[in-house]
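# Coordinate analysis (summary)
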Amino acid sequence: MAIVSQVIGIDIGSVGAKGVLFDGSIAASAIVPTGWDMKETSRSLLSSLAGGKDVTALPLVATGYGRNAVEGARRTMTEITCHARGVRFLHGEARTVLDIGGQDSKVIGLDRSGKVVDFAMNDRCAAGTGRFLQMMAHRLDYSLDDVKALSCDGEVQPLTSMCAVFAETEVVAHIARGVPREALLRGILRAIAARAAAMVTKTGLTEPLFFSGGLSRIGSLATLIGRELKTEVAVHGRSPLAGAIGAALIAWEER
Amino acid sequence: MGPIAAIVDEVRRHRDDGILQIKEAHEKGIPIVGTYCGYMPWEIIDAAGAIAVSLCAKSDEAIPAAEEHLPRNLCPLVKSSYGHALRGSCPYFHFCDLIVAETTCDGKKKMYELLDRIKPVHLVQIPQRQDRPEDLALMKSEFNRVCRRLETLTGRPVTDEALAASVALRNRERRGLRALWDLSRRDNPPLTGWEVQEITDYIQYHFDKKQALVWLEGVTETLRQTEPERDLSAKPRVLVTGCPIGGVMKTLKTLEESGALVVCFENCGGQKEPLKAVDEAKDVMGALAEKYLTIGCSVMSPNPHRMEALERLIDEYDVDGVVEIVLTACHTYAIESHSIRERVQSLGKRYLAVGTDYSPGDREQLATRMGAFVEML
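## As for the overall build of chain B
- Each helix and strand counted, chain B has 16 helices and eight strands in total.
- Taking 21 Å as the expected radius of gyration for a compact globule of 377 residues, we find that chain B reaches 20 Å, a close match to that expectation.
- The principal-axis extents of the C-alpha atoms in chain B amount to approximately 55 × 45 × 40 Å.
- Taking all 377 residues of chain B together, 57% fall into the buried category.
- A separation threshold of at least 6 residues defines the contact pool for chain B, and within that pool the share at least 24 residues apart is 74%.

Here you go:
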């Protein structure tokens, strides 16, 4: 039997599907929108990872919300375990992981060796997730790049409702009153940061804190979370891939 | 089919026998008394010559009807109980003559006011503390009131002799169920948590108690002596606590499908009530009040008995992790979960709290939580 020199990790999230080709380090990676057909999503992810080669025989571990839709997966693992593994690959010291993705947010506590010892997830509610920010930004006619470019210091219009539907109503009322949209966006980001910080505190913060998931790309949000928790917040440019990396690491160990 | 599989199969085939038994009893003129809670003294109902039956509260389908009168943001168990009554979809409710209910949580207490319009409700005032003489005195006087109310219904006096006989029978059931559950203390238990629940439910809904106990004791003996057909010894061992799970069996299913083995249920329907027996050496009404008062329900403040029970069961059942099920809008269990988490983690065990309701919409989210918890163990 040939020595397996490459493995694949796939993380099908609610908004984005992520894939990593791993050979001891990250040989290739891809991110595509999840769409409605997860089987098709995983196929297109595989073909962009393959770069024309046949990768169907490579060991594959799938994770994320759509993990059971991935064809050819050797095994599936939950995104909690895979995220934890992937984060430790990106940041070897991380003890607490805050992950805010498209439809859920979670906090994972790790021991010194990187093993998951506790976790919490938001229950059946979009408040404070990527979807929440997306809805609010859309209402303010902001793109993701606009959100990323915003400085977190300046006028703030606090947001009191965290329910995605009620918050939108509140935002509309503020727009009608003529509140500047920068101030509204800051209020929205602060509300997300406060909620995330409370979730971290509830689970228990052990430093260093690592912030992953799609929302970790928004620098001002990381800053606000750090201020709330009075701690440094580590981020990594490849953290959206953490789940896929973790899945690949598991496949790599078991190859 | 091996002997263990045969027992489980028998239980599944006879799942609905209880409904026929209650119908027959009703047709013979035996009074049927409905209850909704482990605080209700089965012994008094039995001693009065009535049949006690736990009423339907487990179905999601009954909830839309309930929401015509009740707020949406209310515990699904409370809504389901009321919805079944309102739309006549609980056969046990249909045949029952009286409901003996209790002031445990606010949701139930106020729902019973509306339920009383459909069927007569006798409401038992449960004290909210367990440790003072006046709490015990209130429990005893409330239980005396239950006796008087039932005597009016059945026309039969509740004598100390009848009570003592009922206590002995119920204690035998408590011992019998605990002996069955104790089989899960083994390294390789004969039954999964799901199967234990099925057998427990069967006993609860078999109304010829003596016959059911003979069956239960025989089955437990068979299970004790049979080499298990499966090897469950490698699975992480989980204790389930929190709210009753009858309406959220999806949580148990998902937990065990994720690879865990539920070896102990601390909640209602599990060890909560049968853990302590009634002291047969004492004055019977005093002993009944004393026993029921010590139930470790989160409506009690403080609630030391639940903590004690948890510590004991975690140890006895050699548990790796504790999963707490919190039904939507169950404030007392939701708040208490903070202390439970601290206590469980201080024992070096893993803990997961899951909030859910009767709708099937969170299956995937449950699978992620349960799966990650099992991967953690």
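## Overview of the domain arrangement of chain A
All names here are of chain A.
- As far as domains go, chain A holds domain 1 (7-82 + 242-253) and domain 2 (93-235).
- Computed over C-alpha atoms only, the centres of domain 1 and domain 2 are separated by 26 Å.
- Listed by partner, the interface residues are six residues for domain 1 and eight residues for domain 2.
- When domain 1 packs against domain 2, close to 650 Å² is buried across both sides, 70% of that on carbon and sulfur atoms.
- Ranking the residues of domain 1 by area buried against domain 2 places S14, V15 and I80 at the top, with a combined share of 69%.

## Description of a negative patch on the surface
Residues and elements named next belong to chain B.
- Together, D187, D315, D318 and D320 line one region of the surface with negative charge.
- Within the element layout of this structure, D318 appears in the loop between α14 (304-316) and β7 (321-327).
- For D318, a relative accessible area of 44% puts it in the partly exposed group.

## Section: the sheet that holds strand β1 (residues 32-35) of chain B
All names here are of chain B.
- With parallel pairing, four strands are arranged side by side in an open sheet as β2-β1-β3-β4. Two strands close off the open sheet at either side, each with one partner strand: β2 (51-54) and β4 (121-124). Between one strand axis and the next, the sheet turns through 25 degrees on average, direction left out of account.
- With two bridges joining them, β1 and strand β3 (residues 98-102) adopt parallel strand pairing. By the bridge assignment, V33 is partnered in β3 with L98.
- Helix α8 (residues 133-154) contacts β1, β3 and β4 of the sheet and is inclined by roughly 165 degrees relative to β4.

Definitions and limits used
Residues numbered from 1 in each chain as written. Chains lettered and ligands numbered in written order. Predicted model: local features only at pLDDT ≥ 70, side-chain atom pairs only at ≥ 80, totals over all residues. Heavy atoms only, no water. Helix = DSSP H or I, 4+ residues; strand = E, 2+ residues; numbered from the N terminus. Rg over C-alpha atoms; globule rule 2.2 N^0.38 Å. Buried < 20%, exposed > 50% of the residue type's maximum accessible area, 1.4 Å probe, protein only. Contact = heavy atoms within 4.5 Å. Domains from an automatic or database assignment. Buried area = accessible area lost by both parts, 1.4 Å probe. Patch = residues over 30% accessible without salt bridge, like charges linked within 9 Å, V, L, I, M, F, W, Y side chains within 5 Å. Areas by Shrake-Rupley, 256 points an atom, 1.4 Å probe, with all protein chains shown as cover. Salt bridge = Lys/Arg side-chain N within 4 Å of Asp/Glu carboxyl O. Lys, Arg positive; Asp, Glu negative; His and termini not counted. Charge placed at Lys NZ, Arg CZ, Asp CG, Glu CD. Pairing = 2+ DSSP bridges. Axes fitted to C-alpha atoms, helices over the stretch in contact; angles between N-to-C directions.

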